[in-house]
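# Report on the structure
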Amino acid sequence: MEHKELGATGVKLPEVGLGTWQYRGSVEPLKKGIALGASFIDTAEMYGTEPVVGEAIREERDRVFLATKVSGNHLRYDEVLKAAEQSLKRLGVDRIDLYQIHWPDPGVPIRETVRAMETLVDSGKVRFIGVSNFYLANLKEAQACMAKYKIVSNQVKYSLLNRGIEEDMLPYCQANQITVIAYSPLARGELASRPLLKHRDAFNILQNIAHQTGKTPAQVALNWCLSRPNVVVIPKSDKVERVAENCHASGWKLSREQIEALNRAFG
Ligand SMILES: NC(=O)c1ccc[n+]([C@@H]2O[C@H](COP(=O)([O-])OP(=O)(O)OC[C@H]3O[C@@H](n4cnc5c(N)ncnc54)[C@H](OP(=O)(O)O)[C@@H]3O)[C@@H](O)[C@H]2O)c1
């Protein structure tokens, strides 16, 4: 498993982590991922998966980088502190490694929310602060409101089929040492196994490259995301063998020509 630095923190994050939205597996797939080096797990207060994540990491808490999120409807100062306490309890841990604002709420001043996030870092309950689903203007405003710490990541949708961040968010994050945590990197499974008819031609190219490299389409699709500086991926699977497949998306590289062929096919 290759690693990338989280923001400018000096912390090395596995470039393939484990997503848990709509996760219905037992602890086994998560444990398999951790064993294969994907020791970065993403959950959220709204996913309902904090308890299973907590159970999966119980015996190896120190090996795992644990990320969770406060929902965008809990962004008042007191609500953030309360949500964090509840997440800590459900996870069965005394510290969250990365606490993310799940989505912005235009009805709550971001200054108030980040003040609560910084209080959590001061108290040792949170190590690093991140955001999710922030547009560039939201991200810049939030970063400007931070008094003591920095926003180290933005978790956003990114895959061969969802390339909207390439215009401004990705270059900005790359220039400012902010990690992009790519969610739905398999386009919710479509890139792994069930392309819609309109994507059939592009998927054929993905499959050809999978044949050339001896990898699966899912591994090629994830490796393409990882070819971008500052980008890590958090695919979700309930199945041990698919988690293993996804973990092996790291540790090798598509050629420049293959990356360009994919850029064009899915452009
Ligand atoms: N911040 C946000 O607002 C936000 C939004 C969406 C997602 N996320 C995060 O990002 C994570 C991943 O995104 P996602 O769950 O939307 O989509 P995804 O990871 O792109 O795709 C998940 C789907 O692909 C299937 N799959 C996974 N690996 C596969 C493989 N190797 N071969 C075939 N099928 C495979 C899974 O089915 P099985 O489970 O049956 O294998 C599942 O149906 C989430 O779990 C969550 O942690 C965050």
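Look up a bit, the structure's there.
As the structure is a computational prediction, the values presented were derived from the model and not from experiment.

Analysis parameters
Residues numbered from 1 in each chain as written. Predicted model: local features only at pLDDT ≥ 70, side-chain atom pairs only at ≥ 80, totals over all residues. Helix = DSSP H or I, 4+ residues; strand = E, 2+ residues; numbered from the N terminus. Rg over C-alpha atoms; globule rule 2.2 N^0.38 Å. Buried ≥ 20, exposed ≤ 12 C-beta atoms within 10 Å, placed from the backbone. Contact = placed C-beta atoms within 7 Å. Pairing = 2+ DSSP bridges. Right-handed = clockwise from strand over helix to strand, strands pointing away. Axes fitted to C-alpha atoms, helices over the stretch in contact; angles between N-to-C directions. Parallel < 35°, antiparallel > 145°, perpendicular 65-115°, else oblique. Left-handed = near helix turned anticlockwise from the far one by under 90°. Nonpolar A, V, L, I, M, F, W, Y, C, P; charged D, E, K, R; others polar.

### Brief notes about the overall build of the protein chain
- Check the secondary structure of the protein chain and you find 10 helices and 10 strands.
- Its C-alpha radius of gyration of 18 Å places the protein chain within 12% of the 18 Å reference for a compact globule of 267 residues.
- Projected onto the principal axes, the alpha-carbon positions of the protein chain cover approximately 50 × 40 × 35 Å.
- Across the 267 residues in the protein chain, those meeting the buried criterion constitute 47%.
- Sequence-distant contacts in the protein chain: of pairs separated by 6 or more residues, those separated by 24 or more amount to 73%.

### As for helix 8 (residues 217-226)
- By the criterion of burial, helix 8 is predominantly enclosed, with 10 of the 10 residues buried.
- Taken residue by residue, helix 8 has Pro217, Ala218, Gln219, Val220, Ala221, Leu222, Asn223, Trp224, Cys225 and Leu226 as its buried positions.
- Summarising the contacts, the buried residues of helix 8 are in contact with strand 9 (179-183), helix 7 (200-213), strand 10 (231-233), helix 9 (240-247) and helix 10 (256-265).

### A word on unusual backbone geometry
- Residues other than glycine seldom take positive phi values, yet Asn133 does so here, at roughly 60°.
- For Asn133, a count of 17 C-beta atoms within 10 Å gives the class partly exposed.
- Of note in the backbone geometry, Ala187 takes a positive phi value of approximately 50° without being a glycine.
- Residue position: Ala187 is located in the loop between strand 9 and helix 7.
- With 20 C-beta atoms packed within 10 Å, Ala187 lands in the buried category.

### Describing the pairing of strand 6 (residues 96-101)
- Burial analysis of strand 6 places five of its six residues in the buried class, which makes it a mostly covered element.
- Of the strand pairs in this sheet, strand 5 (residues 65-70) and strand 6 are connected by four bridges, and their pairing is parallel. For Lys69, the partnering residue across the bridge sits in strand 6 and is Gln100.
- Viewed along the sheet, the connection from strand 5 through helix 3 (residues 77-91) into strand 6 turns out right-handed.
- Bridge count between strand 6 and strand 7 (residues 126-132): five bridges; the pairing is parallel. In the strand pairing of strand 7, Tyr99 is matched with Ile129.
- In this region the chain leaves strand 6, passes through helix 4 (residues 110-122) and returns to the parallel neighbour strand 7; the handedness of that crossover is right-handed.

### Remarks on the packing of helix 7 against helix 10
- As a packed pair, helix 7 and helix 10 sit with axes 9 Å apart at the nearest point and diverge in direction by 165°. Here helix 7 lies roughly antiparallel to helix 10, going by the angle between them. Crossing hand, helix 7 versus helix 10: left-handed. Contacts between helix 7 and helix 10 involve Ala202, Ile205, Leu206 and Ile209 on the former and, on the latter, Gln258, Ala261, Leu262 and Ala265.
- Across the contact of helix 7 with helix 10, the residue classes break down as seven nonpolar, one polar and no charged.

### Thoughts on the sheet that holds strand 7
- The strand order 3-4-5-6-7-8-9-10 describes an open sheet built from eight strands, whose pairing is parallel. Of all the strands in the sheet, the pair left with one neighbour each is strand 3 (18-19) and strand 10.
- One ladder, built from three bridges, connects strand 9 with strand 10; its direction is parallel. Counterpart to Ala182 in the pairing with strand 10 is Val233.
- Running at roughly 155° to strand 10, helix 8 makes contact with strand 9 and strand 10 of the sheet.

### Notes on the packing of helix 7 against helix 8
- With their axes 8 Å apart at the nearest point, helix 7 and helix 8 run at an angle of 95° to one another. Judged by the inter-axis angle, helix 7 sits roughly perpendicular to helix 8. Residues Leu206, Gln207, Ile209, Ala210 and Thr213 of helix 7 form the contact with helix 8, whose participating residues are Pro217, Val220 and Ala221.
- Considering only residue class, the contact of helix 7 with helix 8 consists of six nonpolar, two polar and no charged.

### Digging into the environment of Glu60
- You can see Glu60 is positioned in the loop between helix 2 (50-57) and strand 5.
- A residue is classified by how many C-beta atoms lie within 10 Å of it, and Glu60, with 12 of them, is exposed.
- Considered as a pair, Glu60 and Ile34 are 26 residues apart in the sequence and their alpha carbons are 9.1 Å apart.

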